[in-house]
Amino acid sequence: MLLPRLASYFDISVDELIGYQAQLTREEIRKIYIRFTEDFENRPFEEVMKESREFVKEYYSCYPALLQISVLWLNHYMLADTREENEAILQEIVSLCLHIEQDCGDREICGDAELVRYMVFLLLGKTEEVTAALEPRFQPEHLSDQIDTLLVQAYQMAGRAKDAKMFNQSVIFRHLVMMINDSLTYLMSQLQDQEGCQETIDRLHQIIEIYHIDRLHPNLYLQFCYACALFYMAHGQKKEALEQLEIFVEGTVSFIKEGIRIYGDSYFSEMDQYVQKYDLLRTPPRGKKVIWDSVMGALDNPVFAPISECREMKRWKQKLKEGREKI
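Residue numbers run consecutively from 1 along every chain, following the written order of its sequence. This being a predicted model, a pLDDT of at least 70 is required before a residue's local features are given, and a value of 80 or more before pairs of side-chain atoms are given or counted; all residues contribute to the totals for chains, interfaces and linings. Hydrogens are left out, water is left out, and the side-chain values use all remaining heavy atoms of the structure.

**Student:** I'd like to hear about helix H3 (residues 26–42), residue by residue, with values.
**Tutor:** Labels follow the DSSP assignment, with helices taken as runs of H or I lasting at least four residues and strands as runs of E lasting at least two, numbered in each case from the N terminus. Expected span of a helix: the number of residues minus one, times 1.5 Å. Its 17 residues give H3 an end-to-end C-alpha distance of 25 Å, which sits within 8% of 24 Å, the value for a rise of 1.5 Å per residue. Here H3 has its buried residues at Ile29, Arg30, Ile32, Tyr33, Phe36, Thr37, Asp39, Phe40 and Glu41. Against the buried residues of H3 lie helix H4 (45–58), helix H5 (63–76) and helix H16 (288–299). Any residue under 20% of the maximum accessible area for its type is buried, any over 50% is exposed, and the rest in between are partly exposed; the area is computed with a 1.4 Å probe on protein chains only. By definition in these notes, contact holds between two residues if any of their heavy atoms fall within 4.5 Å.

**Student:** I'd like to hear about the pattern of salt bridges, residue by residue, with values.
**Tutor:** Note on pairing: side chains with opposite charge can pair once their charged atoms come close. For this document, the term salt bridge refers to a Lys or Arg side-chain nitrogen within 4 Å of an Asp or Glu carboxyl oxygen. Using the criterion set out here, one finds 20 salt bridges in the structure. We note a salt bridge from Asp39 to Arg43, for which the minimum N-O separation is 3.2 Å. Its relative accessible area of 13% is what places Asp39 among the buried residues. For Arg43, a relative accessible area of 24% translates into the label partly exposed. Taken together, the shared-partner salt bridges connect Arg35, Asp39, Arg43, Glu47 and Glu51 into one network.

**Student:** Pulling in residues and values, what's your account of the packing of helix H13 (residues 218–234) against helix H14 (residues 238–258)?
**Tutor:** Only C-alpha atoms enter the line fits that serve as axes; for helices the fit covers just the stretch in contact. Angles between N-to-C directions range over 0 to 180 degrees. Orientation of H13 relative to H14, taken along the N-to-C sense of each, is 155 degrees, at an axis distance of 8 Å. The angle between H13 and H14 falls in the class roughly antiparallel. As for how H13 packs across H14, the hand of that crossing is left-handed. Contacts between H13 and H14 involve Pro218, Asn219, Tyr221, Leu222, Cys225, Tyr226, Cys228, Ala229, Tyr232 and Met233 from the first element and Lys238, Glu240, Ala241, Gln244, Leu245, Ile247, Phe248, Gly251, Thr252 and Phe255 from the second. In this classification, the charged set is Asp, Glu, Lys and Arg, the nonpolar set is Ala, Val, Leu, Ile, Met, Phe, Trp, Tyr, Cys and Pro, and all remaining amino acids, among them Gly, are polar. Of the residues assigned to the contact of H13 with H14, the class counts are 14 nonpolar, four polar and two charged. Roughly parallel here means an angle under 35 degrees, roughly antiparallel means over 145, roughly perpendicular means 65 to 115, and every remaining angle is called oblique. Note on convention: near helix rotated counterclockwise from far helix by under a right angle means a left-handed crossing. Clockwise means right-handed.

**Student:** So what's going on with the packing of aromatic side chains? Residues and values would help.
**Tutor:** Here a pair means two rings of Phe, Tyr or Trp (six-membered ring of Trp) with centres within 6.5 Å. Their orientation is stacked below 30 degrees between planes, edge-to-face above 60, and tilted elsewhere. The final tally for this structure, using the stated rule, is 13 aromatic pairs. Aromatic side chains Phe36 and Phe55 sit 6.0 Å apart centroid to centroid with 75 degrees between the ring planes, which places their arrangement in the edge-to-face category. In this pair, Phe36 sits in helix H3 while Phe55 sits in helix H4, placing the two residues 19 residues apart along the sequence. Note on Phe36: relative accessible area 1%, which makes it buried. An aromatic cluster of three or more residues is present, and its members are Phe173, Tyr211, Tyr267 and Phe268.

In structure tokens:
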């Protein structure tokens, strides 16, 4: 009974007081994440949630593992049977992230946990909390954006040309992905501005074509196609919407069958090595069945009601249903 008081006196955790360190390696965390992802696909949801909660209790001081569990729950909470259960799991994620932020000494892990917590706040409709926390941080005049450039220069000056090339490519690729994601967010927030949205789509098409994003990051390209379909439906352009949905559905089926990953090419020649170096980048955030279900749900979006009975939509839904049963 004295342990909590002693830990409080010394401003440390009980685990630190008794010298307990339950740490897992990055590879062990990756394997555990994959196992839980597969379990969510193939076993009862509550059973897997119970096991993952027990895992959290056992490794309550292994903050990298806790962070990945919070991401795991965020990617699978919607599988619960009721909305109340969904919200309860989201609140668990918030509590877990707060524990990481308060007790973990690693600034990067704490920052990631905070970001996950704000993602959950958006899902819970707590927009004021998110804007109040993030608005003061948006200060583009600060020098933190120069970290990537400095690291590349340091590699070069140290004679580590291969590391400089790999990291530089990863920075370019990451900023490309961020720019496309930001543009898609802008597109979805301005759907009624037909001229402005069409300009955004045209510019994104050029970037995707120049950098071969459809091959390097298929999932991002398919998100773009789906966003285009939503835009075209919002303006009564059914033919164009169906064209984009066909790419979305057929591409997703192929994407899932071939394996969900990020690719390199002759320009991004070091990307495969970069992905291998950072283990968790090799791990899809959700299992194939969960992704397949989300695609089937995407076609049921009320926006597509005017074309829900057309031949193409019925064929795609049947194809997705048959593919889901084969997994």
